[in-house]
Amino acid sequence: MSNEIKEKVGFLDRQMTRRQFLKISGKSLVGLTVAGSMLSLFGCTQEDIDKGLVTTWAMPQGLLVVNEAKCTGCERCELNCTLVNDGVVSTHIARLKLSRNLHIYGDKGMYNNDFTYFPDTCRQCEDPWCGNACPVQAIVTDDRGIRVVDEAKCVGCGACVEACPWHMPTVNPETKKSSKCIACGACVEGCPSGALEIVPWDAVTAAAQDIV
Amino acid sequence: MATYGWAGTILRIDLTTGEITKESSEKYQKYIGGMGIGYRIIYEDVPLNTHPFDEAAEIVAAVGPLTGSSVPCSGRMNFSFLSPFSRGNSIVDAHMGGHLGSRFKFAGYDAVVVRGKASKPVYIRINDDEVAIEDASHIWGKGTFDSNRILTEELGRDYQTASIGPAGENLVNYSTINTSVGNSGGGGIGAVMGSKNLKAFAVRGTGSVKIADPLKVKELNEYMLTELIGGNNNHNVPAVPQSWAEYSAVGGKNRWSGAPGRAWLKAEGGPIDAGEQPHYDMNKIAYRCNKGVFDFGEVSLNYTIKVGGCSSCPIRCYTQYDMDPLADYDLPTHVSNTCVPVIYGTKYYTNGIKDFKYKGDASVIINGANARAMDDLGVWCNYSNLNRDFNWLVTSGKIHEVIPKEEVDSLPWEWEKNGDPRWVVEILRRVAYKEGELGIGLGLGTYEMVKRWNLGKEFYDREDPNNQNITYNGYPKHHANEDTGQVGLLFNLMYNRDCMTHHLVNVTGSGAPYEVSKATMEGFFGPGCYDKKKAFTPMNRNKAKLAKWAFNGKQFHDSATLCNWMWPMTQSPSKERNYVGDLELEAKFMSAVTGKNYTQADVEFDSERISHLLRGMTAISFYDNLGETNLRLTHDAIPDWIFDGEADFEAFEEGATKMDRDDMNLALDMFYEELGWDKETGIPTRATLEKFDLGDLADDLEKRGILPR
Amino acid sequence: MLFGRRKPGFIKVEEGDGILEEVTEKDLQYSTSPKKDDEAKVELTDFLASLPDVEDPYEGIDVPEQEAEEEEEEVELTKAQELAEYIRLRSAGGEVTKYQDLKAEIEDLDELLEEMKEDETCSDITYRQGVKDKYYYSTSNMSENYSMIISLVEDKDIVATIAKMVRFNAKTYPSPTPLEYFERHPYFYSRPQIERACDLISSNEEYGDIERLTNNVGVDFLFSNKYLSRKYANALATDDEFTD
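The model shown is predicted, which means the values in this text are computed figures rather than measured ones. Every chain is numbered on its own, with residues counted from 1 as its sequence reads. Working convention: letters from A go to chains and numbers from 1 go to ligands, in the order in which they are written. Only residues with pLDDT of at least 70 get local features here, since the model is predicted, and only at 80 or more are side-chain atom pairs given and counted; chain-wide, interface and lining totals rely on the full set of residues. Hydrogens are left out, water is left out, and the side-chain values use all remaining heavy atoms of the structure.

Asker: In this structure, what is going on with the interface of chain B and chain A? I would like to understand it.
Answerer: Often the size quoted for an interface is simply the accessible area lost on bringing the parts together. When checking whether two residues touch, look at their non-hydrogen atoms; a contact exists if any pair is within 4.5 Å. Counting residues at the interface gives 61 residues for chain B, matched by 49 residues for chain A. Buried area between chain B and chain A, summed over both chains or domains, comes out near 4,200 Å², and the portion from carbon and sulfur atoms is 53%. The term buried area means the drop in 1.4 Å probe accessible area that two parts suffer when joined, counted for both and summed. It is R157, E268 and G269 of chain B in chain B that bury the most area against chain A; as a group they hold 17% of the surface buried on that side. Salt-bridge detection follows one rule: a side-chain nitrogen of Lys or Arg within 4 Å of a carboxyl oxygen of Asp or Glu. Inspection of the chain B/chain A interface yields three salt bridges. Note that E174 of chain A is salt-bridged to K210 of chain B, the shortest N-O span being 2.9 Å. Within 3.5 Å is the distance limit for a polar contact, defined as a pair of N or O atoms, with the added protein rule that one can donate a hydrogen and the other accept it, and that residues adjacent in sequence qualify only through two side-chain atoms. Applying the counting rule to chain B against chain A returns 29 residue pairs in polar contact (both at pLDDT 80 or more). Only DSSP runs of H or I covering at least 4 residues are called helices, and only runs of E covering at least 2 are called strands; the numbering of each starts at the N terminus. At the level of elements, α2 (100-107), α3 (144-155), β9 (160-164), β13 (209-210), α6 (214-228), β16 (304-308), β17 (318-322) and β18 (334-337) of chain B are the ones that each hand at least two residues to the side of chain B that touches chain A. The dominant element in the side of chain B that touches chain A, judged by the number of residues it contributes, is α6 of chain B, at six residues. Residues are sorted three ways: Asp, Glu, Lys and Arg are charged, Ala, Val, Leu, Ile, Met, Phe, Trp, Tyr, Cys and Pro are nonpolar, and all the rest, Gly among them, are polar. Taken together, the residues that form the side of chain B that touches chain A break down as 24 nonpolar, 23 polar and 14 charged. In this analysis, strands are considered paired if DSSP registers two or more bridges between them. Bridge count for strand β5 (residues 88-89) of chain A against β13 of chain B is two bridges, and the pairing is antiparallel.

Written as structure tokens, this is what we have:
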């Protein structure tokens, strides 16, 4: 981030941008036109967006941009997620879901003669289905504003898994505790194709202000 | 019980009785996993004179402590079984990438041992603790793509599957097991599964691989991914100049082929350019390998959607295509492959091939048809011996001697002449269904084919681009003397199929300047070990040590499991490291994952145990099945063309790849000495076997009178 | 913290946005299927502004981006340092910076370059003397050999570039150079350009050491016989049966 941009983008601007993008968090950008400065920031084309390949998630540290055209299905996101958060390695309990989408993914996936792999990530809902469904209020907001599972309270009932429309939380069969994405960024950091990318809010704000 | 690294359990399934049992894998952990566990279990369970298709024969599907551990390039798995196709019918492996291997671990198993024969077609379903032998009659007869799809649709998309095709069902020696993405294992595994009426494996694992020191593993992963890993085959310089790199592979033939201006042109949403991929940038590694450009040149980009590969591997060596011209022939257009199925398909066309849509795309499209058909039918090519044997049969005119005239005339030769992609599909179909003398003969594999058609010893000895046989046992060389002189030739002789050892071709083919690679290699293995390309020097002791390192190291990779196309980390793309890799990274990962303290010497010692097991089992098979008592003179015999080819050159002249007979005899002497094998017979001594806790193997050799005195 | 308690199982997203239609079970599982394209498209930022406000779960939380590391007191850059930063950025993008281009923009360029030499924070900035210009780059962001290549390319003398690189490759690797090498990044010469240059090379005594050969599969190469014999160059250029 250059100093120039930093000077122009203040704390309030950042907050504003984030509030704007929260409105469409987890939704595909299909149907929208996106200015050149923003496209280059997201590393995608308008055609990617038109085809529904690009989805954004508002996270505390920036805008998570997911581009399925770039995903090569290596599962490093899932492996890194569990290595960092669980100290073990697994695809099933990973907080983002790629491997279950490799072969059959709606009308796409290998078996539909398609090489689409989609790394599905937690929407970080403003009004979270998982948290609302938890009978023991084990899903709480941490000091970064992220909903996390309080393992001391979690009874592993799976209500959160069922309630989440995308079934993103997972009850770990070994610990009997649920886990969900805590926005740690390990998946993004280790993505070898940049299919997952977190763009800092400053940069998003600067690009947005260029347009306005 | 699960331990760090290992899942802790071996699953045993008897398809005759339906009995399913579990036992601890602990006593096998000194064999590491994968190939090592497979060899030991088969050695203990199966008399080596058992026919590979007999009920008593076993398949050991196994993974190792590093499989699914997040260590980069740890997605492969191994099947061990008795070879149906090569001379002596001894122990071999099928090695397969993809996503299935790690699922065995997540489900809780280091190995699955299958014996017996089901009374009707079945598949093995593993869902964590729940293991079942399921009816497969609805998928029997189907191609692998349909079988895998149907199983996944029925069982749910959390399952990973691998299936045999018609070739395996029909007991064709040249047969594979395949995943949905083009990963396959060969060596005749398809027929061995077919002989058991076993169509497929379907595995779902919700558990985890336990890691002793997760922080250390993460740190080592990042170290490897920023400082050590290169492109495919771990080539450490890019094929095309990049601004951060001092060197590039001038010839352009190198597998770090992603470059600015090279884009996946059929990507969803428009072209994705590979750009530059500085070695320190972890988020661009997937753009380094573009196997399509390596195989066919930039014309392949017109059909490229993206790249793919195995679980955990950032080097995406599979190119994934939509080859739309194939639709005009009612053939599937989606192709995903990396290996020989997508390279030598053009060998079936003796009159050449014609372009389809773009200049130079003929080879792309024909190979796409070949790869897709091979994978669907589950046909194996024996590292393209199938393609070469077919080409030879037609171009030599021999086809008219060994195949009945009506059958020759029944082939759609018009398709061959016109470069029609259906031609190769038709040949492969005949092989998969054992149709006619051609289908039967080719599908038996080179060794049995030579016997059936009385082609004689001269078939192996002739100098001909179609002859790549490196022994008289029925398999070709896989990076041998043409790459590293005596060193490469030595480890090519050791197995019962093509060796698939890439330790050295990864260095020689890297494209780095000779002096740079030489400094690295001599730093590790001493002076004189590493010759200039096609400018070999006579044998010396350090070359023997280098060959032994590569031979043992391959066993480690198929046991751990790590991909031998990427590992070991011999060179580095980093100028700051003087391009020197880190050979001890294997031990560092083994320690961090398993919590046991491994030095690199420990890793090599355990790997060498597997080398001796391979060699002892081979000696027993050759004695029991052929009555032979000397591996040096039989199993390790080298065909004449290696010494007598290249008439314009003398051995050791600049430009020559041929070898010298006396020098090669010296090479074998030194290599056997380094391994502690008898120089006369090439069989391990009792002292050597006991040093590696293989006293029982020494006893077995002694019983047969073939233990060296 | 308690969230607004929505009834579980009632699955719907915010209404009234027109574009983000009601989410069906299928969309929820596979939310990437392209939407209908019949309405006029809306610009992203306008669209965002038109949506009703939502609660910011991260309210008041400002996660420092790279600030934490960069908090060391911000030093005012000198003009020379700013110029160095500019050269570095271009180097990172694979570009050298031409002296003449800078001269056209910066009046006191020579003083700044002198100043840069004295400034140890700029010790990575250096240049290559080409035939037509001086090419500045940062050794932190560009390799030495690449700076040679890109300077040759910038000089726009194809004959000199090809001759120099053919000799360099024969000496360094050692390797003959396929003509295709010059069709790729960063040269991107056309085949006719390359062939014209080859003609000039073969008719110029100065380049007498540069020979041409065609390999077994019809690919053309150049090599310098100062470093490679013809026989050896031929063998190295051969496309072997087995390369996989």
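Okay, back to it.
Asker: What exactly am I supposed to notice about the sheet that holds β17 of chain B here?
Answerer: Residue and element names in this part refer to chain B. Ordered by their spatial adjacency, three strands build an open sheet running β16-β17-β18, and the pairing between neighbours is antiparallel. Each having just a single partner strand, β16 and β18 make up the two edges of the open sheet. Looking at each pair of strands side by side, their axes are set apart by 15° on average, direction ignored. Sheet topology note: the β17/β18 ladder contains four bridges and is antiparallel. Here the axes come from fitting lines to C-alpha atoms, over the contacting stretch only for helices, and the angles between their N-to-C directions go from 0 to 180 degrees.

Asker: Explanation requested: the state of the cysteines in the structure shown.
Answerer: When the sulfur atoms of two cysteines share a covalent bond, that bond is a disulfide. Two cysteine sulfurs form what is called a disulfide whenever their separation falls within 2.5 Å. Scanning all chains against the criterion turns up zero disulfides over all chains. Its sulfur unpaired, C317 of chain B is 5.9 Å from the next cysteine sulfur, which belongs to C289 of chain B.

Asker: Got a minute to help me understand the pairing of strand β6 (residues 111-115) of chain B in this structure?
Answerer: Each regular strand shows side chains that alternate between the opposite faces of the sheet. Residue and element names in this part refer to chain B. Remark: exposure states derive from per-residue accessible area (1.4 Å probe, protein chains only) relative to the maximum for the residue type, with buried under 20%, exposed over 50%, and partly exposed in between. The buried fraction of β6 amounts to four of the five residues, a majority that puts the element mostly inside the structure. As paired elements, strand β1 (residues 9-14) and β6 share five bridges and run parallel to each other. Opposite R12, over in β6, you have V113 as the bridge partner. Of the strand pairs in this sheet, strand β3 (residues 59-62) and β6 are connected by four bridges, and their pairing is antiparallel. Within β6, the residue paired with A61 across the bridge is V112.

Asker: Just checking my understanding: could you explain the pairing of strand β4 (residues 77-82) of chain B for this structure?
Answerer: Residues and elements named next belong to chain B. Summarising burial for β4: six of the six residues are buried, a large majority. Alternating residues of β4 divide into M77, F79 and F81 and N78, S80 and L82, and every residue in both groups is buried. Where β3 lies against β4, three bridges are found, and the strand directions are antiparallel. Paired with A61 across the strands is F79, a residue of β4. Examined bridge by bridge, β4 and strand β5 (residues 91-96) share six bridges and lie antiparallel to one another.

Asker: Please clarify how the environment of S202 of chain C should be interpreted in this entry.
Answerer: Residues and elements named next belong to chain C. Tracing the backbone shows S202 in helix α9 (residues 191-202). Put simply, S202 and R212 are 10 residues apart on the chain and 8.8 Å apart in space, counted from C-alpha to C-alpha. Reaching out from S202, the side chain makes a polar contact with the backbone oxygen of D199 at a distance of 2.9 Å.

Asker: Before we go on, may I ask you to explain the packing of aromatic side chains in this structure?
Answerer: Centre distance and the angle of the planes are the two values used to describe a pair of aromatic rings. Residue and element names in this part refer to chain B. Stacked, tilted and edge-to-face are the three classes assigned to paired rings of Phe, Tyr and Trp, where Trp is represented by its six-membered ring and a pair needs centres within 6.5 Å; plane angles under 30 degrees give stacked, over 60 edge-to-face, the rest tilted. Per the counting criterion, the structure on display carries 35 aromatic pairs over all chains. A ring pair is formed by Y329 and F356, whose centres lie 6.2 Å apart and whose planes are at 85°; its orientation type is edge-to-face. Taken together, the positions of Y329 in the loop between β17 and β18 and F356 in the loop between β18 and α8 (362-377) put the pair 27 residues apart, joining distant regions of the chain. Residue class for Y329 comes out partly exposed when judged on its relative accessible area of 22%. Ring plane angle 65° and centroid distance 6.2 Å describe the contact between F390 and W423, whose orientation is recorded as edge-to-face.

Asker: Help me understand the environment of S336 of chain B in this model?
Answerer: For S336 of chain B, the location among the structural elements is in strand β18. According to the relative accessible area criterion, S336 of chain B is buried, its value standing at 8%. Taking C-alpha positions, S336 of chain B is 38 Å from N49 of chain B, a pair spaced 287 residues apart along the chain. Sequence-distant contacts of S336 of chain B, that is, excluding residues within four places in its chain, are made with F115 of chain A together with V181, G182, Y318, T319, Q320 and D375 of chain B.

Asker: I tried to follow the sheet that holds strand β1 (residues 27-28) of chain A on my own but got confused; where do I start?
Answerer: Residue and element names in this part refer to chain A. If you walk across this open sheet you meet the four strands as β1-β3-β4-β10, and the pairing is antiparallel. Of all strands in the sheet, those with a lone pairing partner are β1 and β10 (196-199), marking the two edges. Summarising the sheet, β1 and strand β3 (residues 54-59) pair through two bridges and their orientation is antiparallel. The residue of β3 that forms the bridge with K27 is T56. Set on the sheet, helix α2 (residues 11-22) makes contact with β3 and β4 (62-67); between it and β3 the angle comes to about 130°.

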